[in-house]
Structure formats: structure tokens, C-alpha cells
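# Geometric and topological summary
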Amino acid sequence: MIPVATPSVHVVRRRQDGHARPRGAVHSARPTGGLGRALLTTAAAAVLPGSGHLLLRRRRPGILILSTFVLLAVGGTVLALREGRSGLLGLALDTRVLLGVEIGCGILAAGWMAVVVRTYVLARPRRIGGGRRILGVAVVALLCLAVAAPFGFAADLAQSERSVVNTLFPTGGGTAGADVALPAHINVLLFGSDAGTDRTGTRSDSMMVASVDTTTSRAVLFGLPRNLEHAPFPPGSPMAARFPDGFFDPKDPLSGEYLLNAEYTYAITHPGVAPAGPTPDPGLNLLMSSIGTMLGIPLDYYVKIDMAGFSSIIDAVGGVTIDVGPVPLPIGGVLPDGTHVAPSGYVPAGVQHLDGDQALWYARSRRDSDDYNRMSRQRCMIQTLLKQKSAADLLAHFQAVAAATADSVATNIPQSFLPSLASLAGNGQSLELDSVAFDPTLHDPLQRDGKFDPSHPDYGFVRQVVATTIAGMSAPAPGPPAGASTPAPAAGTAAPATAAPQAAPLTDSCTSPSP
């Protein structure tokens, strides 16, 4: 049989325009709408990645993109809820995390912009005039800019914060912050410097020691007056040999050059008398060794800030609301040599919102008041800042805060402690902060008038007050725990048998209102 050739039959479909299209021909994904519809579809992708693909009926890539976006958003939310406010603050102080945020922001921004551009490429009409083509490209560029801007801001903030952390806090060559556990107890010297363009040299404008129990989240501020006399030094040190009866000149007993606030300058002008560490600054080293000896505790770290920097930081966070008191406080009015002149102005009385310069003079004004009033106002300022300025405030003004602190704050607190310290502080409400001021407001049963005398201090009593206060912080209930030890007093000084007074809440230092 002779085979008969069967003609091939092409099965065709009728398109809407009346022309035949072979079965199996590729279906064009381009929509029939114009440029406006394409841009609306692209805008949807800029608002919610993947939605543009879904509108174009490209379900598989649309679902994949949208699912990725949702998973990232849900993951971020879960992380924020799990870590809480203090945990997130700790992560924000970890330079590894900050570097990851920078990289992640770049990747997310690039990916999202790619989705926007791809959506427009798929949605735009096949044939489009030159003017409309330029318009479309311009709108897509603006959409990409809108997508990238938040990521760029976040990356820049992370980079700035990482730079500040690396500048202010030493790395110490240790492991990463999240891997380092805090010691059970930390003592930090808070040192306010009065260095400025109107002053020669540097003196201690304010001195406080923050003693923090990291297991109970309790802390106490020990306030030290500038005019404290006979400051002791570690036994066997060059300064102890030079001043066996403390920092004092019997030939000039009224000299202000031998008060506690003059130790810093003395170390600068007398090389070799200060310990070699823990800082490169001999003034700080001498001050830390002396204060540690008088309090009977080791000073682990310091935070030093000059007064001009303090003013800039207050301005950076938007000022502070505080109760100045019943009378205005003079601005200036006392020259460095103690001469009284006319004040250049006043900080108004009552509840005021202070800018940086006013806050500075609230904390340091000494015309018509004494150093003990200043100490109280300084503790009040610390309490108010802790109460009013949250981590969110710092982040909202971070660029300005970073610029203010970079040149005015110095510390040797290692980076590796920052996340744990942030977690310890919590949301600012759980940290119990008390205060002890070594001034005449402190009851001293060994004095005739029952008041602590900075001109003739009993450092055995001082050490007992400190030991009792620290023991009370560590105890689960009021009072020192059983078996708590008390640091031994200095040689030749008998420890008083009378119980030392307890710390007072820091809020007792002022009546500052919430804003």
C-alpha cells in the first residue's frame, strides 16, 4: 500500500483582534493599559513588595517576594518584642550589630528598588513616546528614592553610632559585648571638669562616684564636695609619702590649692606623683587613687565631661524641664580667683525648661549659694535627665548628641560592657538610684554638732558609710546581709562603732517634675 501523506493541520485560536494565533504561542505578560496604570502598579510594588507582580498575574514570583517581605517584617517584630526596650538598646550599642544593620539596610534597599524597577519594566506599555518614557523613568526614580531613603537614614544612623562607640569606648581587646558578663559590682568616678576658655588649667567642678550592683540593679551616688580637705592617698604611694596627713599644707592651712578639687592640677604640675594607670591622664589617675582610698573601694572606671560639653549635650536632647527653686540662680558672678562681680544674668526661679547654657549654670552656679547647694543641684540634674530623657530621645537626636559628646566626654568603660549595661538599666524605671552626700547634711555622730565636716573629715567614718550603703544595695531586704565585711579603715584611724546612716533616694535632691 502506498502511504498517503496527511497534510499537517495547525490548530489555531482566534485572538480578540480577529487574527489567528497558533496554539502554544507564548502569551505576552504586558498589560493592555497605558502608562498611568503601569505607574500605579509600580507604586504598589513600592508600598508592598510583590504586590505589583500579583497585579500583573505573575503569581509565583509575586508570592515569593511578598512572603519574603512578610517574613522579614514578622521576624523584626518578634525580635523587638522578645528583646524589649532594654535589649534593643543593648543591641544598638553592639558594634557588630550596628555593622550588620548597615549591611542589611544596603541589601534590603537594593532588593526593594530592584523589585520596583522590575515591576515597571513588566508593566510599561510596549510602545511609548519619548516624553512619556522620560516621565515614567522619573516617577520610578522617585519611587526608588522613597524606598531607599528610610534604609539610608537607618544605615547612616548605625554608622554614626558605631563611630561614636568606637571613639568614646575602648575596645580593650576583649570579646564582643554580647558575650561579656558584667562584674557583680562596678564603681565609676563621674568627673566634671571646669576647663574652659576663661580658665587656666583644669579643676574638678563636680565629683561623684556611682556604685552599681549589677545583680540587684541598684546604684548609689556618693557626692564629694570640692572643698574636702586632708584627702588621703594609697599607703606607700609617692603622694602618701609627701602628704602623710593627707592633701594639706600646714604652712598655708587656708590655701585652696590643697582641696580635693585641686588634686587633678597638682598631678599635672608635679610629674611622677600620680600612679601610671588606669588612664593616660595623670590627673585622673591621682584623683581616682585618692577617692578610692577615702571611700575604701576600688574605682574601676571613670567618665569625664567638660562643662561646655555638658551644655551642648543638653541642647542636643532638646533641653530639660526642672524646678530651679524659689529664687533665681545667678549666671557667673564669681571669677576663677573667687572675686565676686555682677552676674551676667539669672536662671529664672520656679519650674523652667532650660537650654544647655541655663542647665549648665543651674548645676554650677555658686554665687549666693555654697558648694553643697551645687552638689544637690547636680544630683537633681542627674535624676531629672534619667527620668525625662529616654533612649528614644537619644536616638531621635543622635547626630547632635554624637557631635556634642565626641569632643567633650572621655571614659575607659570598655565597649564590651555596653550591651549588658543597657540591659541592666532596663527601661529607666527599674534601676533604683540612691544618694549619699559627704557634706554637712550628712549626720556624723562623732562631730559635736552632729554634722559631717569636710574641713576635718573622719575617713574611717566615710568608709563605714560607704561599706554599709553598698552592703544594703546587695541585700535582698533592708539592712546588710549576714557576714557582710566592712573595708578596714586607714592605718591610725579607728572605725567608729556607731551605725552609719543609710542612703537617701536620689529624688530627695530635687523636686523636678515630669515634662
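The structure this text deals with has already been given above.
These lines cover the structure that appears in this document, whether it is placed above or below. (Residues numbered from 1 in each chain as written. Predicted model: local features only at pLDDT ≥ 70, side-chain atom pairs only at ≥ 80, totals over all residues. Heavy atoms only, no water.)

Right, let's get into the packing of aromatic side chains. All chains considered together, the criterion is met by 14 aromatic pairs. Plain terms: the ring middles of F247 and Y266 are 5.4 Å apart, the flat faces sit at 80° to each other, and that makes the pair edge-to-face. Of the two residues, F247 is situated in the loop between α6 (238-242) and α7 (263-269) and Y266 in helix α7; the sequence distance between them amounts to 19 residues. Residue F247 shares its accessibility class with Y266, and that shared class is buried. The structure contains a cluster of three or more aromatic residues connected by ring pairs, namely F233, F243, F247, Y258 and Y266. (Phe/Tyr/Trp six-rings, centres within 6.5 Å; stacked < 30°, edge-to-face > 60°. Helix = DSSP H or I, 4+ residues; strand = E, 2+ residues; numbered from the N terminus. Buried < 20%, exposed > 50% of the residue type's maximum accessible area, 1.4 Å probe, protein only.)

Let us look at the nonpolar core. With 43 residues, the main nonpolar core has L189, I291, L295 and F438 as its most contacted residues. When residues of this core are traced back to their parent elements, those giving at least two are β3 (185-193), β4 (204-213), β5 (218-224), α6, α7, α8 (282-295) and α15 (459-474). Apart from residues no more than four positions distant in its own chain, L189 is found in contact with M208, V209, L284, L287, M288, I291, L299, Y301, Y302 and V303. Judged by nonpolar contacts, the second largest core, of 34 residues, contains L157, L354, L360 and I413. (Core = buried A, V, L, I, M, F, W, Y, C linked by side-chain atoms within 4.5 Å. Contact = heavy atoms within 4.5 Å.)

The next subject is the pattern of salt bridges. What the rule picks out here adds up to three salt bridges. Its salt-bridge partner being R96, residue D94 comes within 3.2 Å of it at the nearest N-O pair. The salt bridge involving K304 is made with D281; its shortest N-O contact spans 3.6 Å. Taken together, the residues K304 in strand β6 (residues 301-306) and D281 in the loop between α7 and α8 connect sequence positions 23 residues apart. Note on D281: relative accessible area 17%, which makes it buried. (Salt bridge = Lys/Arg side-chain N within 4 Å of Asp/Glu carboxyl O.)

Moving on to the pairing of strand β12 (residues 432-437). Counting buried residues in β12 gives five out of six residues, a clear majority hidden from the surface. Sheet topology note: the β5/β12 ladder contains six bridges and is parallel. The partner of A219 across the bridge, within β12, is L433. (Pairing = 2+ DSSP bridges.)

In this section: helix α4 (residues 95-123). For α4, spanning 29 residues, the distance from its first C-alpha to its last is 42 Å, which sits close to the expected 42 Å at 1.5 Å a residue. The N-cap residue of α4 is D94: its side-chain oxygen and the backbone nitrogen of R96 are 2.9 Å apart. (Expected span 1.5 Å × (residues − 1). Polar contact = N/O pair within 3.5 Å; in protein donor to acceptor, adjacent residues only side chain to side chain.)

It is worth spelling out the packing of α8 against α15 at this point. Following both chains from N to C, one finds α8 and α15 inclined at 80°, their axes separated by 7 Å at the closest point. One element, α8, and the other, α15, form an angle in the roughly perpendicular class. Contact with α8, carried on its side by T293, M294 and L295, involves Y459, V462, R463 and V466 of α15 and no other residues of that element. (Axes fitted to C-alpha atoms, helices over the stretch in contact; angles between N-to-C directions. Parallel < 35°, antiparallel > 145°, perpendicular 65-115°, else oblique.)

In this section: the environment of T405. Mapped onto the elements, T405 comes out in helix α13 (residues 398-406). The exposure class assigned to T405 is buried, which follows from its relative accessible area of 10%. Ignoring any residue separated from it by four or fewer positions in sequence, one finds T405 in contact with V164, L168 and I313.

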